[in-house]
Amino acid sequence: MYDFVTAPPRRHTNSIKWNVQDTELPMWIADMEFETAPEIKAALQTKVAAGIFGYEKVPAELFTTVAAWNQRQHHFSCPPEWMLFATGVMPAIAAIIRRLTNPGDNIVLQPPVYNMFFNAVESNGRHILANNLIYDAHDLSYAIDFADLEKKLADPQTTMMLLCNPHNPIGKLWSRDELIRIVTLCRDNSVTLISDEIHRDLVLADHDYVSIDSLPADLIQHTIATVSPSKTFNLAGLHAAIVTIPNPALRAIVAHGLAVDWLGEPNLVAIPGTIAAYSEGDAWLAALKAHLRNNVVFAQDYLAQRLPQIKFAVPEASYLLWLDCTAVTSNSARLNDFLREKTGLVLAAGTDYGAAGRHFLRMNIACPQTMLADGLARLATGIQEYQE
């Protein structure tokens, strides 16, 4: 019913990902090599066919549609009145940092973590406190260092924490117990918690996703969650996101911050695209996730047979593989440069996600299996030729 075999040509189309040499294969930035759902395309085509491209407002239907999606897909209730529109998750997070913290404040991150978190904190003159995740090389698993987290949240200069759930780049879903522990620590230390949940629809595990917004109301009066159809439906260019804030006083402050930074006004296609995604995208998403699970298994089998020194934990969510290259290198940036030069494979160096990623590479597998096979073959060729 849906095509996950064909990759539409994207070279020379103003794509950031495909702004590479003709012989190179980009598998780094987190967008997909598939057309979006046909239901979304139809909604956008109808909008454009009208031929009038005036100012847009955010209708109540957007928020009720998102609320219904949360109930269907994730089995939790998030009232529409908690929601605000923003033109992107990271623009919203940056604006919230400016509105709710002061220059010089500490903001806690959990490396290895999405590289734009570092940029959002440092470019706004705030200080990063790293609560590094604990890596078990035997189990290929990560855990939170709660003793260290408690210490850093208790620092009087700490006013905010950025949580990534599902965690990018490791693909981990934080459990309800872990989230309650994090939220409670933040509450008890008067720390605002932002939960970036942009990958939450891409759950590959066999259990439900737990959103911050699904926790008990008394625990989440200092929390903010951000979501978007961008990763789920390959709609990054729509520039649409939803910010959910249970506390009405906090929500009013954030709404003002988004307005001051001009981040609350949608473009022509943001609203119809988002509504179509969240009202008609269920079947397409189910098919996508089945394809992604198959790609994960394909990559596992390939590496086990051809490249056993490279390992990864099966991601519980997202379409990103966090490749452990410890047996090959102590400098993933150097390895990444070598792979690109020798094979044309373009991955993301683990050091982009903090020093804790120095032994890792991030690979995007949201592509047809033929393209994944090409990428893995290039990886094998490069690793076999690489010398530290």
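Further up the page is the structure itself.
First, a word on scope: everything that follows refers to the structure included in this document. This structure is a prediction, so every number in the text was calculated from the model and none was measured. (Residues numbered from 1 in each chain as written. Predicted model: local features only at pLDDT ≥ 70, side-chain atom pairs only at ≥ 80, totals over all residues. Heavy atoms only, no water.)

What about the sheet that holds strand β13 (residues 348–349)?
Inference 1: In space, the 3 strands of this open sheet follow the order β11-β14-β13, with antiparallel pairing throughout. Pairing within the sheet leaves two strands with one partner each, and these edge strands are β11 (320–324) and β13. (Pairing = 2+ DSSP bridges. Helix = DSSP H or I, 4+ residues; strand = E, 2+ residues; numbered from the N terminus.)

Side note on the packing of helix α2 (residues 60–74) against helix α10 (residues 282–306)
Inference 1: Taken N-terminus to C-terminus, the directions of α2 and α10 make an angle of 40°; their axes are 12 Å apart at the nearest point. The angle between the axes of α2 and α10 places the two elements in the oblique class. Taken as a pair, α2 and α10 cross one another with a handedness that is right-handed. Residues Trp 69, Arg 72 and Gln 73 of α2 lie in contact with α10, whose contacting residues are Asp 282, Leu 285 and Lys 289.
Inference 2: Residues belonging to the contact of α2 with α10 are distributed by class as follows: 2 nonpolar, 1 polar and 3 charged. (Axes fitted to C-alpha atoms, helices over the stretch in contact; angles between N-to-C directions. Parallel < 35°, antiparallel > 145°, perpendicular 65-115°, else oblique. Left-handed = near helix turned anticlockwise from the far one by under 90°. Contact = heavy atoms within 4.5 Å. Nonpolar A, V, L, I, M, F, W, Y, C, P; charged D, E, K, R; others polar.)

Considerations on the pairing of strand β9 (residues 223–227)
Inference 1: The element β9 is largely enclosed, with a buried count of 5 among its 5 residues.
Inference 2: Burial along β9 is two-sided: Thr 223, Ala 225 and Val 227 facing one way and Ile 224 and Thr 226 facing the other are all buried.
Inference 3: One ladder, built from 4 bridges, connects strand β8 (residues 192–196) with β9; its direction is parallel. Residue pairing in the sheet places Asp 196 in a bridge with Thr 226 of β9.
Inference 4: Note that β9 and strand β10 (residues 241–244) share 3 bridges and pair antiparallel. If you follow Ala 225 over to β10, its bridge partner there is Thr 244. (Buried < 20%, exposed > 50% of the residue type's maximum accessible area, 1.4 Å probe, protein only.)

Description of unusual backbone geometry
Inference 1: That bond from Asn 165 to Pro 166 is cis: its omega, 0°, falls within 30 degrees of zero.
Inference 2: Topologically, Pro 166 is positioned in the loop between β7 (158–164) and α6 (176–188).
Inference 3: The residue Asn 14 is not glycine, and still its phi comes out positive at about 70°.
Inference 4: Even without being glycine, Trp 262 reaches a positive phi, approximately 55°.
Inference 5: Following the sequence through the fold, Trp 262 ends up in the loop between α8 (248–260) and α9 (270–280).

Brief notes about the state of the cysteines
Each disulfide consists of a covalent bond between the sulfur atoms of two cysteine residues.
Inference 1: All told, the structure shown has 0 disulfides when counted by the stated rule.
Inference 2: Between Cys 78, a free cysteine, and Cys 164, which holds the nearest cysteine sulfur, the sulfur-to-sulfur gap is 18 Å.
Inference 3: A relative accessible area of 2% places Cys 78 in the buried class.
Inference 4: Left without a disulfide partner, Cys 164 is nearest to the cysteine sulfur of Cys 186, which lies 15 Å away.
Inference 5: Residue class for Cys 164 comes out buried when judged on its relative accessible area of 3%. (Disulfide = S-S within 2.5 Å.)

Some points on the packing of aromatic side chains
Inference 1: On inspection of all chains with the given rule, the structure shows 13 aromatic pairs.
Inference 2: The interplanar angle of 75° and the centroid separation of 5.9 Å between the aromatic rings of Tyr 114 and Phe 117 together place this pair among those described as edge-to-face.
Inference 3: Its relative accessible area of 0% is what places Phe 117 among the buried residues.
Inference 4: Ring centres of Phe 233 and Tyr 278 lie 6.4 Å apart, and the angle between their planes is 80°; on these two criteria the pair is classed as edge-to-face. Of this pair, Phe 233 sits in helix α7 (residues 230–233) while Tyr 278 sits in helix α9, placing them 45 residues apart in sequence.
Inference 5: Grouped by ring-pair contacts, the aromatic residues Phe 4, Phe 34, Trp 69, Phe 233, Tyr 278 and Trp 284 constitute a single cluster. (Phe/Tyr/Trp six-rings, centres within 6.5 Å; stacked < 30°, edge-to-face > 60°.)

Observations regarding the packing of helix α3 (residues 89–100) against helix α4 (residues 115–122)
Inference 1: Running from N to C, α3 and α4 point in directions that differ by 30°, and their axes come no closer than 9 Å. Like other packed secondary-structure pairs, α3 and α4 cross with a definite hand, here right-handed. Contacts between α3 and α4 involve Met 90, Ile 93 and Ile 97 from the first element and Met 116, Phe 117, Ala 120 and Val 121 from the second.
Inference 2: Residue composition of the contact of α3 with α4, grouped by class: 7 nonpolar, no polar and no charged.

Focus: the side chain of Asp 31
Inference 1: Structurally, Asp 31 can be placed in the loop between β1 (25–26) and α1 (38–49).
Inference 2: Polar side-chain contacts of Asp 31 include one of 3.0 Å to the side chain of Arg 10.
Inference 3: The residues contacting Asp 31, other than those within four sequence positions of it, are Arg 10, Lys 17, Asn 234, Tyr 319 and Asn 364. (Polar contact = N/O pair within 3.5 Å; in protein donor to acceptor, adjacent residues only side chain to side chain.)

Section: the environment of Thr 351
Inference 1: Of note, Thr 351 is situated in the loop between β13 and β14 (360–364).
Inference 2: Sequence spacing of Thr 351 and Pro 111 is 240 residues, and the spatial spacing of their C-alpha atoms is 10.0 Å.
Inference 3: If we ignore the near neighbours within four places in the chain, the residues touching Thr 351 are Ser 332, Ala 333, Gly 357 and Arg 358.

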